[in-house]
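Below are the chains, spelled out letter by letter.
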Amino acid sequence: MELKVSTRSHAGHALVVIAGEIDLYTAPHLQSEFTRLLQEGPGRVVIDMSAVDFCDSTGMNVLLSALKRMKERGGTLEVAAPRPAVQKILQVTGLDSVFTVHDEVPQEFLISEKS
């Protein structure tokens, strides 16, 4: 399964939209996207996971790594709209208390993508 990653930045914030499966094979692509994005220095990153069908431990480690790097520079990284399978992984691993998890993409990101 292919992994598609797109990023929209606006006013120091970034929305990362991920579609597909995040696993051992696709995680390096996601890791390189986060590395590129974090060089731009956004203060807040929201990851739209509404189109992620599956995420294994490798994918969770990529998200945790990005979260750690954001926190080191005083920023935030949040997860939005995870599907039930991904939500369950977050809950079982306890990562739902590590990440800020939104039921849907925050409104300010939806507004900024239209402008």
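Residues numbered from 1 in each chain as written. Predicted model: local features only at pLDDT ≥ 70, side-chain atom pairs only at ≥ 80, totals over all residues. Heavy atoms only, no water.

1. Some words on the overall build of the chain
Check the secondary structure of the chain and you find four helices and five strands. Starting at the N terminus and walking to the C terminus, you meet the elements of the chain as β-β-α-β-α-β-α-β-α. The C-alpha radius of gyration computed for the chain amounts to 13 Å, which stays within 12% of the reference 13 Å derived for 115 residues, consistent with globular compactness. The principal-axis extent of the C-alpha atoms belonging to the chain is close to 35 × 30 × 25 Å. Out of the 115 residues belonging to the chain, those deemed buried represent 43%. Restricting to contacts in the chain with at least 6 residues of sequence separation, those with at least 24 account for 70%. Accessible surface, the chain as shown: approximately 6000 Å² in total, 53% of it carbon and sulfur. For the chain, the distance from the average position of its 11 positive side-chain charges to the average position of its 15 negative side-chain charges is 4 Å. (Helix = DSSP H or I, 4+ residues; strand = E, 2+ residues; numbered from the N terminus. Rg over C-alpha atoms; globule rule 2.2 N^0.38 Å. Buried < 20%, exposed > 50% of the residue type's maximum accessible area, 1.4 Å probe, protein only. Contact = heavy atoms within 4.5 Å. Areas by Shrake-Rupley, 256 points an atom, 1.4 Å probe, with all protein chains shown as cover. Lys, Arg positive; Asp, Glu negative; His and termini not counted. Charge placed at Lys NZ, Arg CZ, Asp CG, Glu CD.)

2. Let's talk about the environment of L30
With respect to the helices and strands, the residue L30 is situated in helix 1 (residues 27-40). Between the C-alpha atoms of L30 and Q107, which are 77 residues apart in sequence, the distance is 24 Å. Setting aside anything within four residues of it in sequence, one finds L30 in contact with L3, V5, I18, I22, V62 and L63.

3. What to know about the nonpolar core
The biggest cluster of nonpolar side chains holds 28 residues, and the ones touching the most others in it are L30, F34 and L77. Every element with two or more residues in this core is listed here: strand 1 (3-10), strand 2 (13-22), helix 1, strand 3 (44-55), helix 2 (57-72), strand 4 (76-80) and helix 3 (84-93). In this structure, L15, V46, V105 and F109 belong to the second largest nonpolar core, which totals six residues. (Core = buried A, V, L, I, M, F, W, Y, C linked by side-chain atoms within 4.5 Å.)

Geometric descriptors of this kind do not, in isolation, establish any biological role.
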